[in-house]
Amino acid sequence: MLLTAGRAAATRTLIGGRSARVLASRFAHAPVASAAAASSSAAAATAAAAPPSLVAESRVRVASLLEGGEARLGETVVVKGWVRTVRTQKSFSFVEVNDGSSLKGVQVVAEDGLDSYDVVDALSTGAAVAVRGEVVASPAKEQSIELRASLVELVGSCPADSYPLQKKRHSLEFLRSIAHLRPRTNTIGAAMRVRSALSFATHEFFRSRGFVHVHTPLLTASDCEGAGEMFRVTTLPAAGEAAQPAAAAAGCGDDVAALDRAVKSAGEAVRALKEAAVVDKEAVDGAVQELLARKAKLQAATEKQVAGKPAGDPLADDFFGRAAYLTVSGQLCAETYASALGDVYTFGPTFRAEDSNTARHLAEFWMIEPEMAFTDLAANMDNAEAYVKHVVQYALRSCADDFAMFAQFYDKGLKARLQALVETPFARVSYTEAVELLRAEIAKEPSKWEYPCVEFGTDLATEHERWLAEVAFGSAVFVYNYPKAIKAFYMRDNDDGKTVAAMDLLVPGVGELIGGSQREERLPMLLSKMEESGLDPEDYWWYVDLRRYGSVPHSGYGLGFERLVCYVTGIPNIRDVIPFPRYPGSCDF
């Protein structure tokens, strides 16, 4: 106990400063009755002399302090954060402290007469500190205030020789390898603040319009897009792994004939035990329990066989008794709630097992998916336009310093482009017209295009989408009424028999940002389209039921949230706008 108390006192002395050490040294020379008494008295006196820890005190966020500016002059405040830089002069030091609430940190001025200046002397980039001080005017041009420290407390040290983040620019590729530390950098910190602002604005937008937020499942047996690029979820052992204990104990799986033989064998064992000259009651009870367990397995296997799941089907032993996957979309489930609550939206993670290593793809990403009852394609586009303008405007207003940094290092025209998006009505063009525009432009110089062959039925590439948004219209543009052959089964057929009521929102600099459609609400048409797509209506019986019971015209769209963050920040790679990116070969952290 004395050793622990001594260590605690020594720690507080280091933080508290010189006066505590002086007091402790005086106690060290005082006469004592015993060594134990001396140690106890010194520890108590040192603890009493040390100032109370700042860790327990309320802090002022750096963003709030900087926003208050000169109005906060003369206040004594406590800030807590991480050291960005330390510059030591002859009689004082400058310490920049950032707590993540803003791009800029607050400059702390620590004079060498400070009791805790020995702590300042030992600081390095990355260390966690708590600082009490007075807000004073700053002579520097880039800041109006700074903090004159009266106490600096080291909360968590950071070895300078091994800390991977130093006062220099690091490549985004390198930062992905230290994703647990990269939020402390300007780029990733700013991206996460903008991401947070866009997320808040998303909920604000839909709530203000009466939408209900629905949490759709991540586990599903349905493939919404029909692409087949889904992550399988299973509890079955992988090849070469031992079988689950329950399956191993059965000895014969769900094969009905084998289970029937196992039941007969267990019955004979019970009979033999009961007919023995000396009956062992405990052994008989155990054998009876085994018999009952085998009978239960036989009954379950028989029921599965009757239900159309043949005995021996490996999926019958899986957790859900059938194939299950991580969802690629919450749309189908959202449609069920739109059919009861009117207007709903989902906002959650989705997954795609696409072996793609481009700057536009992730294996795990977030989707915003509204579904609106009694809504056609035109109203669907109206909602999508209003949503995008709302969230972009909110982010511009809330994260001004972050956008200044993005404009400096990633896209000099970023703010002007986003402001134009907010202020300019979105253009609208049919797919057929868009193809004609592209064909005319490509014919001028086909060699400039990576994909020069464009005709009705072509799935437009990113270069086509960007040309339409950046050159042909000079603004965000909805392309609508796509060929049915290149769109999903749930999209409503148009009367021409060739197209569906689908739309994509294309934006300058990115291409496709939103994809949506009016959903097929007519039962015969939906069943026909499912058959054309090779889908079994029995697998989607609940979705088909929506068309049987009170079906209404309804529409919706999906927006990849990370693509939105890329577009708004100008960051070129989607892996740098999500906290922990998942892509082929990478599932760390």
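You'll find the structure just up there.
All figures in this text were calculated on a predicted structure; none of them were measured in a lab. Once a new chain begins, its residue numbering starts again from 1 and follows that chain's sequence as written. Two thresholds apply to this predicted model, a pLDDT of at least 70 for residue-level local features and 80 or more for giving and counting side-chain atom pairs, whereas whole-chain, interface and lining totals are computed over all residues. Side-chain figures throughout are based on the complete set of non-hydrogen atoms in the structure, without hydrogens or water.

This part takes up empty space enclosed by the protein. A probe matching the size of a water molecule, rolled over the atoms, marks out where space remains unfilled. The way it works is a 1 Å grid over only the protein atoms, where trapped points that fit a 1.4 Å probe form a cavity and open points with protein on both sides within 12 Å along at least five of seven lines form a pocket, and then any residue with an atom within 4 Å of a point lines it. Grid points are joined across faces, edges and corners, and a volume is the space filled by probe spheres set on the points. Enumeration according to the criterion identifies four cavities of 30 Å³ or more in this entry. Roughly 80 Å³ of volume is contained in the largest cavity. What lines the largest cavity is a set of 11 residues, and nearest its centre among them are Thr-220, Thr-327, Ser-329, Leu-332 and Cys-333.

This paragraph deals with the sheet that holds strand 4 (residues 128-137). By definition, two strands form a pair when at least two bridges between them are found by DSSP. A helix here means a DSSP run of H or I that spans at least four residues, while a strand means a run of E at least two residues long, and both kinds are numbered starting from the N terminus. Ordered by their spatial adjacency, five strands build a closed barrel running 1-2-3-5-4, and the pairing between neighbours is mixed. The average angle at which neighbouring strand axes cross in this sheet is 55 degrees, direction not considered. Lines fitted to the C-alpha atoms define the axes, with helices restricted to the stretch that makes contact. Angles between their N-to-C directions range from 0 to 180 degrees.

Attention shifts here to the pattern of salt bridges. The working definition used for a salt bridge is a side-chain nitrogen of Lys or Arg within 4 Å of a carboxyl oxygen of Asp or Glu. Applying the stated criterion across every chain yields a total of 27 salt bridges. Notably, a salt bridge pairs Asp-382 with Arg-428, separated by 2.6 Å at the nearest N-O pair. Within this pair, whereas Asp-382 is found in helix 12 (residues 377-398), its partner Arg-428 is found in strand 12 (residues 427-430), the two being separated by 46 residues in sequence. According to the relative accessible area criterion, Asp-382 is partly exposed, its value standing at 44%. Its salt-bridge partner being Arg-428, residue Glu-385 comes within 3.9 Å of it at the nearest N-O pair. Taken together, the residues Glu-385 in helix 12 and Arg-428 in strand 12 connect sequence positions 43 residues apart. Only protein chains enter the calculation, and the probe is 1.4 Å; a residue is then buried if its accessible area is under 20% of its type maximum, exposed if over 50%, and partly exposed in between.

This part is about a nonpolar patch on the surface. In this scheme, patches are assembled from residues that exceed 30% relative accessible area and form no salt bridge. Like charges are connected within 9 Å, while nonpolar side chains (Val, Leu, Ile, Met, Phe, Trp, Tyr) are connected within 5 Å. To be clear on the numbers: accessible area is Shrake-Rupley with a 1.4 Å probe, and residue cover counts the displayed protein chains and nothing else. Side chains of Val-212, Tyr-337 and Leu-341 sit close together on the surface and give an oily, nonpolar patch of about 270 Å² of accessible area. For Tyr-337, the location among the structural elements is in helix 11 (residues 331-341). Overall, the relative accessible area of 44% leaves Tyr-337 in the partly exposed class.

With respect to the helices, strands and loops of the structure, Val-568 is situated in helix 19 (residues 561-569). For Val-568, a relative accessible area of 0% gives the class buried. Counting along the chain gives 150 residues from Val-568 to Leu-418, while the straight-line C-alpha distance between them is 7.1 Å. Dropping the residues within four chain positions of it, Val-568 is found in contact with Val-194, Leu-198, Val-392, Phe-403, Leu-414 and Leu-418. Whether two residues are in contact is decided by their heavy atoms: any pair within 4.5 Å suffices.

With that settled, consider the sheet that holds strand 9 (residues 324-326). Spatially, 7-9-8 is the arrangement adopted by the three strands of the open sheet, whose pairing is antiparallel. Strand pairing shows two members of the sheet lacking a second neighbour, strand 7 (219-220) and strand 8 (232-233), which therefore form its edges. Examined bridge by bridge, strand 7 and strand 9 share two bridges and lie antiparallel to one another. Bridging across to strand 9, Thr-220 finds its partner in Tyr-325.

So, about helix 13 (residues 400-409). If you check which residues of helix 13 are buried, you get Asp-402, Phe-403, Met-405, Phe-406 and Ala-407. Looking at the packing, one finds that the buried side of helix 13 touches helix 7 (186-208), helix 12, helix 14 (414-423) and helix 19.

Attention now goes to the packing of aromatic side chains. What counts as a ring pair is set by centres within 6.5 Å for rings of Phe, Tyr and Trp (its six-membered ring), and what kind of pair is set by the plane angle: stacked under 30 degrees, edge-to-face over 60, tilted for all other angles. Inspection of the entire model under this criterion finds 21 aromatic pairs. On the basis of an interplanar angle of 90 degrees and a centroid distance of 5.9 Å, the ring pair of Phe-347 and Trp-366 is categorised as edge-to-face. One end of the pair, Phe-347, is in strand 10 (residues 343-351); the other, Trp-366, is in strand 11 (residues 364-373), with 19 residues separating them in the sequence. Relative to Tyr-543, the ring of Phe-489 lies with its centre 6.3 Å away and its plane at 75 degrees, an arrangement referred to as edge-to-face.

The next subject is helix 14. In an α-helix, one turn spans 3.6 residues; hence positions three or four apart end up facing the same way. Taken residue by residue, helix 14 has Leu-414, Arg-417, Leu-418, Leu-421 and Val-422 as its buried positions. Across the axial projection of helix 14, the buried residues extend over an arc of 135 degrees, all falling on one side. Away from its buried face, by an angle of more than 90 degrees, helix 14 presents the exposed residues Lys-415, Ala-416 and Glu-423. Tucked inside the fold, the buried residues of helix 14 contact helix 12, helix 13, strand 14 (499-507) and helix 19. Each direction from the helix axis to a C-beta atom contributes to the arc, which is the arc of those directions.

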